[in-house]
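This is what each chain is made of:
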There are 2 protein chains.
Amino acid sequence: MKKFLNDPENFIEEMLEGLYAAHPEDIMPAGGQLRCLATKHKVPGKVAIATGGGSGHLPLFLGYVGKGMLDGCSVGGVFQSPGSDEMLTVTKEIDNGAGVLYIYGNYNGDIFNFTMAKEEADMDDIRVEQTIAGEDVASGPRVAPGEKNTRRGVAGIFFVYKCAGAAAAEMKTLDEVKAVADKVAGQTATMGVAFTPCTVPRIGHPSFEIGDDEMEIGMGIHGEQGIRRGKLAPADEIVSEMLPPVLDDLALKENDEIAVLINGLGATPLEEQYLVNRKVAQIVNERGLKTYRTYVGEFATSLEMAGLSISVLKLDDEIKHYLDAEADAIMFKQFAK
Amino acid sequence: MKKFLNDPENFIEEMLEGLYAAHPEDIMPAGGQLRCLATKHKVPGKVAIATGGGSGHLPLFLGYVGKGMLDGCSVGGVFQSPGSDEMLTVTKEIDNGAGVLYIYGNYNGDIFNFTMAKEEADMDDIRVEQTIAGEDVASGPRVAPGEKNTRRGVAGIFFVYKCAGAAAAEMKTLDEVKAVADKVAGQTATMGVAFTPCTVPRIGHPSFEIGDDEMEIGMGIHGEQGIRRGKLAPADEIVSEMLPPVLDDLALKENDEIAVLINGLGATPLEEQYLVNRKVAQIVNERGLKTYRTYVGEFATSLEMAGLSISVLKLDDEIKHYLDAEADAIMFKQFAK
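Conventions adopted
- Residues numbered from 1 in each chain as written.
- Chains lettered and ligands numbered in written order.
- Predicted model: local features only at pLDDT ≥ 70, side-chain atom pairs only at ≥ 80, totals over all residues.
- Heavy atoms only, no water.
- Helix = DSSP H or I, 4+ residues; strand = E, 2+ residues; numbered from the N terminus.
- Rg over C-alpha atoms; globule rule 2.2 N^0.38 Å.
- Buried < 20%, exposed > 50% of the residue type's maximum accessible area, 1.4 Å probe, protein only.
- Contact = heavy atoms within 4.5 Å.
- Areas by Shrake-Rupley, 256 points an atom, 1.4 Å probe, with all protein chains shown as cover.
- Lys, Arg positive; Asp, Glu negative; His and termini not counted.
- Charge placed at Lys NZ, Arg CZ, Asp CG, Glu CD.
- Phe/Tyr/Trp six-rings, centres within 6.5 Å; stacked < 30°, edge-to-face > 60°.
- Lys NZ or Arg CZ within 6 Å of the ring centre and 35° of its normal.
- Buried area = accessible area lost by both parts, 1.4 Å probe.
- Salt bridge = Lys/Arg side-chain N within 4 Å of Asp/Glu carboxyl O.
- Polar contact = N/O pair within 3.5 Å; in protein donor to acceptor, adjacent residues only side chain to side chain.
- Nonpolar A, V, L, I, M, F, W, Y, C, P; charged D, E, K, R; others polar.
- Least-squares fit on C-alpha atoms with pLDDT ≥ 70 in both.
- Pairing = 2+ DSSP bridges.
- Axes fitted to C-alpha atoms, helices over the stretch in contact; angles between N-to-C directions.
- Domains from an automatic or database assignment.

## Quick notes on the overall build of chain A
Then, number 1: When helices and strands are tallied, chain A shows eight helices and 14 strands.
Then, number 2: Relative to a compact globule of 337 residues, whose C-alpha radius of gyration would be 20 Å, chain A shows 19 Å and is just as compact.
Then, number 3: Within the span of chain A, comprising 337 residues, buried residues form 65% of the whole.
Then, number 4: For chain A, the share of sequence-separated contacts (at least 6 apart) that also reach a separation of at least 24 residues comes to 72%.
Then, number 5: Here chain A displays about 11,500 Å² of accessible surface, and carbon together with sulfur accounts for 49% of that area.
Then, number 6: Of the charged side chains in chain A, 32 are positive and 51 negative, and the gap between their average positions amounts to 3 Å.

Here it is in structure tokens:
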């Protein structure tokens with residue numbers, strides 16, 4: 001795999017140096033540590049929101065820091081959890097006196113490290129709450145509140161960031177922002193499909209093998225096993241297999257409103273993502289559902305993996321209000337200052 | 001190459017159906033023709049701006065339609081010019097009574113068809129002017145105004161859209177908007193590098209061959225021959241070869257202000273684009289140039305080609321003013337309504 005790369009050992013740090021160089025007005029390394037990214041736009045009294053996770057998923061996680069979204073983010077190596085020390089450094093930097101909400105994906109390493117950082121922050125009198133997003137229907141059953149959720153967190157976390165970020169920007173309390181995040185996380189479902197693996201720079205060979213005429217339905221964004229590996233099928237057939245379990249999971253009824261997120265995993269052209277959205281829109285219309293907004297693009301990638309995921313968020317007036325709020329995360333502020 | 005595809009013959013139409021389904025509030029097919037995209041946000045008396053070109057380059061061209069940017073766009077098949085009839089249909093739909101500016105890349109097919117559409121529009125009493133963007137330093141020398149420019153238009157056209165779109169939004173006249181577009185086009189330079197080819201769906205095999213350990217400096221976004229094919233090099237070496245000709249072309253002096261655009265060609269992860277920006281920023285700083293803004297992401301792609309381009313725009317107060325203006329093109333309005 002050809003990559004823009006110098007020494008693979010320096011991949012993360014060099015990527016981060018380029019990131020800070022591109023967005024000097026908006027972000028800074030907390031405590032001078034590159035892997036501890038913090039907003040420069042602090043708002044006294046506002047609940048701060050932090051995320052984090054492995055590198056290799058841009059614009060997830062770093063790209064969602066910005067006004068109306070997140071306040072900080074710590075990242076680890078490619079597909080590796082950041083350490084609790086980094087998370088604590090971010091937490092201290094971004095706290096505005098109103099507490100900090102951690103929003104991150106449902107992976108054991110992240111849970112371990114974020115929970116440790118939360119305990120350390122508590123000892124520093126910074127109140128921290130957590131929302132763990134896990135919405136990949138291919139990776140586990142829907143569970144009742146309080147039960148252990150085995151679903152992996154994937155692109156649907158974007159909706160959680162967006163709504164919680166908007167609630168925090170409206171100066172809601174930590175409990176209120178967490179309630180928004182939990183609600184959105186619980187009303188989101190995702191299914192993915194992978195066509196090709198990706199290559200982690202330090203490893204230098206593809207993360208898994210898959211035949212030239214094969215795809216894997218339900219594969220995770222780190223190459224975790226999916227539901228079914230089979231022959232590559234026409235796009236409409238793939239969508240017809242992926243989308244119904246997502247809609248069924250949310251128990252959607254006729255006239256329910258939804259938001260749809262088509263997410264490219266890295267190497268899938270935007271043209272193909274839109275072609276997929278055509279069939280998604282047909283199925284949604286056949287079920288009598290109302291699409292309030294559709295997002296198409298790269299929101300959570302896996303380096304240069306070819307494939308995509310489809311996420312659906314069940315809406316109500318509160319969630320629509322937060323989706324509509326203005327936001328200005330660094331990855332998406334390409335036009336206006 | 002694995003693609004999300006049904007019948008390759010329907011690739012463009014199905015992609016477009018998915019695009020209209022995703023953005024129903026903002027765009028419509030002019031005259032009911034899918035390949036003739038027009039904004040729904042008409043502003044009486046405003047100069048309208050149209051673009052167009054081959055498909056396969058999203059977010060170029062269609063994605064730049066929106067408030068503060070473009071009013072319409074016609075597209076052809078993958079890497080094929082749209083016809084003059086389609087351009088005329090778009091022109092008639094978007095004209096607000098103040099004339100229409102065509103902004104497009106320097107390719108013979110596009111020039112032929114846009115010029116024919118202009119002549120037909122003139123007969124319908126719609127005044128049309130043209131700005132042809134060609135800024136790839138690998139494809140020809142810088143020429144004086146009035147001389148034939150042989151440079152291909154690539155990602156730098158984004159800057160032309162942004163500034164001309166902002167000028168039109170301020171209700172400048174057609175001559176004034178064209179002057180802005182011409183000025184920005186003349187102060188932009190780009191160089192690209194390709195690692196892999198892409199596969200046009202109807203053709204079904206890669207557009208060219210390149211060794212597993214090779215790259216081509218200066219290759220165009222349709223696979224046009226570059227300056228040099230050679231062994232894959234470390235990222236910093238690649239940047240050190242690509243960027244100086246761009247900076248030299250613009251005759252930049254110490255303390256000049258610039259905007260930088262790192263553009264992924266399709267399959268290159270955002271992480272690698274940022275890693276490239278690190279070296280770009282170093283070279284820019286060493287030359288004593290001032291970076292006013294940096295854009296990193298996919299602005300003009302070539303389906304799933306791996307590679308990227310670096311564009312630089314020489315700034316002055318007028319151009320900075322237009323870069324800062326708000327805009328809301330459909331590909332980038334992912335957060336706020």
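## Let's talk about the packing of aromatic side chains
Working definition: an aromatic ring pair is given by the centre-to-centre distance plus the angle between the planes.
Residue and element names in this part refer to chain A.
Then, number 1: Going through the model one piece at a time under the given rule, you end up with 24 aromatic pairs over all chains.
Then, number 2: Ring-pair connections join several aromatic residues into one group, and the members of that group are Tyr64, Phe158, Phe159, Tyr161, Tyr295, Phe299 and Phe332.
Then, number 3: Lying over the aromatic face of Tyr292, Lys320 brings its terminal NZ or CZ to 4.8 Å of the ring centre.

## Some thoughts on the interface of chain B and chain A
Then, number 1: If you look at the interface, chain B gives 70 residues, while chain A gives 70 residues.
Then, number 2: Each partner contributes to the roughly 5,900 Å² buried at the junction of chain B and chain A, and carbon and sulfur atoms together form 63% of this total.
Then, number 3: Applying the counting criterion to the chain B and chain A interface returns six salt bridges.
Then, number 4: Its salt-bridge partner being A:Glu14, residue B:Arg278 comes within 3.7 Å of it at the nearest N-O pair.
Then, number 5: One can count 26 residue pairs in polar contact (both at pLDDT 80 or more) joining chain B with chain A.
Then, number 6: Of all the secondary structure elements, the ones that give two or more residues to the side of chain B that touches chain A are helix H1 (11–22), helix H4 (157–169), helix H6 (235–249), helix H7 (270–286), strand E12 (290–297), strand E13 (307–314) and helix H8 (317–324) of chain B.
Then, number 7: With nine residues, H7(B) is the single largest residue contributor to the side of chain B that touches chain A.
Then, number 8: In the side of chain B that touches chain A, the residues fall into 40 nonpolar, twelve polar and 18 charged.

## What to know about the environment of A:Asn96
Residue and element names in this part refer to chain A.
Then, number 1: Summarising the element assignment, Asn96 is placed in the loop between helix H2 (84–94) and strand E6 (100–105).
Then, number 2: The spatial distance from the C-alpha of Asn96 to the C-alpha of Glu254 is 43 Å, given a sequence separation of 158 residues.
Then, number 3: Look past the residues within four positions of Asn96 in its chain and what remains in contact with it is Lys42, Val43, Pro44, Gly45, Lys46 and Ala48.
Then, number 4: Polar contacts involving the side chain of Asn96 include one to the side chain of Lys42, which spans 3.5 Å.

## Looking at the relation of the copies chain B and chain A
Then, number 1: When chain B is fitted onto chain A, the two copies agree to an RMSD of 0.0 Å after a turn of 180° and an axial shift of 0.0 Å. Classification of the inter-copy transformation places it as that of a two-fold axis. By C-alpha distance to the rotation axis, the residue of chain B lying nearest is B:Ala267, at 2.0 Å.

## Some points on the environment of A:Ser207
Residues and elements named next belong to chain A.
Then, number 1: Within the secondary structure, Ser207 sits in the loop between strand E8 (188–194) and strand E9 (214–217).
Then, number 2: A C-alpha to C-alpha distance of 9.9 Å links Ser207 and Glu224, two positions 17 residues apart in sequence.
Then, number 3: In contact with Ser207, other than residues within four places in its own chain, are Pro197 and Cys198.

## Quick look at the sheet that holds strand E9 (residues 214–217) of chain B
All names here are of chain B.
Then, number 1: One open sheet holds the six strands; their spatial order is E10-E9-E8-E13-E11-E12, and the pairing between them is mixed. One side of each edge strand has no neighbouring strand; the edge strands of this open sheet are strand E10 (228–231) and E12. Taking the axes of each pair of neighbouring strands and ignoring which way they run, one obtains an average angle of 15° across the sheet.
Then, number 2: Here H8 sits on the sheet and contacts strand E11 (257–264), E12 and E13; the angle it forms with E12, its principal contact strand, is near 35°.

## Observations regarding the domain arrangement of chain A
Residues and elements named next belong to chain A.
Then, number 1: Once the domains are mapped, chain A shows domain 1 (8–186 + 324–333) and domain 2 (188–319).
Then, number 2: On a C-alpha basis, the centres of domain 1 and domain 2 stand 23 Å from each other.
Then, number 3: Residue-level contacts link 33 residues of domain 1 with 40 residues of domain 2.
Then, number 4: Carbon and sulfur atoms supply 62% of the area that domain 1 and domain 2 bury against each other, a total of about 3,000 Å² over both sides.
Then, number 5: Counting across the domain 1 and domain 2 interface gives six salt bridges.
Then, number 6: Between Arg142 and Asp249 there is a salt bridge, with its nearest N and O atoms 2.9 Å apart.
Then, number 7: For the side of domain 1 that touches domain 2, the secondary-structure elements that each account for two or more residues are helix H4 (157–169) and helix H5 (174–186).

## As for the pattern of salt bridges
If charged atoms from side chains of opposite charge come close, those side chains can pair.
Residues and elements named next belong to chain A.
Then, number 1: Going through the model one piece at a time under the given rule, you end up with 54 salt bridges over all chains.
Then, number 2: Note that Lys118 and Asp122 form a salt bridge whose closest N and O atoms lie 3.7 Å from each other. Residue Lys118 and its partner Asp122 are located together in helix H3 (residues 108–123), separated by four residues, close to a single helical turn.
Then, number 3: The partly exposed category is assigned to Asp122, whose relative accessible area is 34%.
Then, number 4: In this structure, Arg278 and Asp236 form a salt bridge, with 3.3 Å as the shortest nitrogen-oxygen distance.

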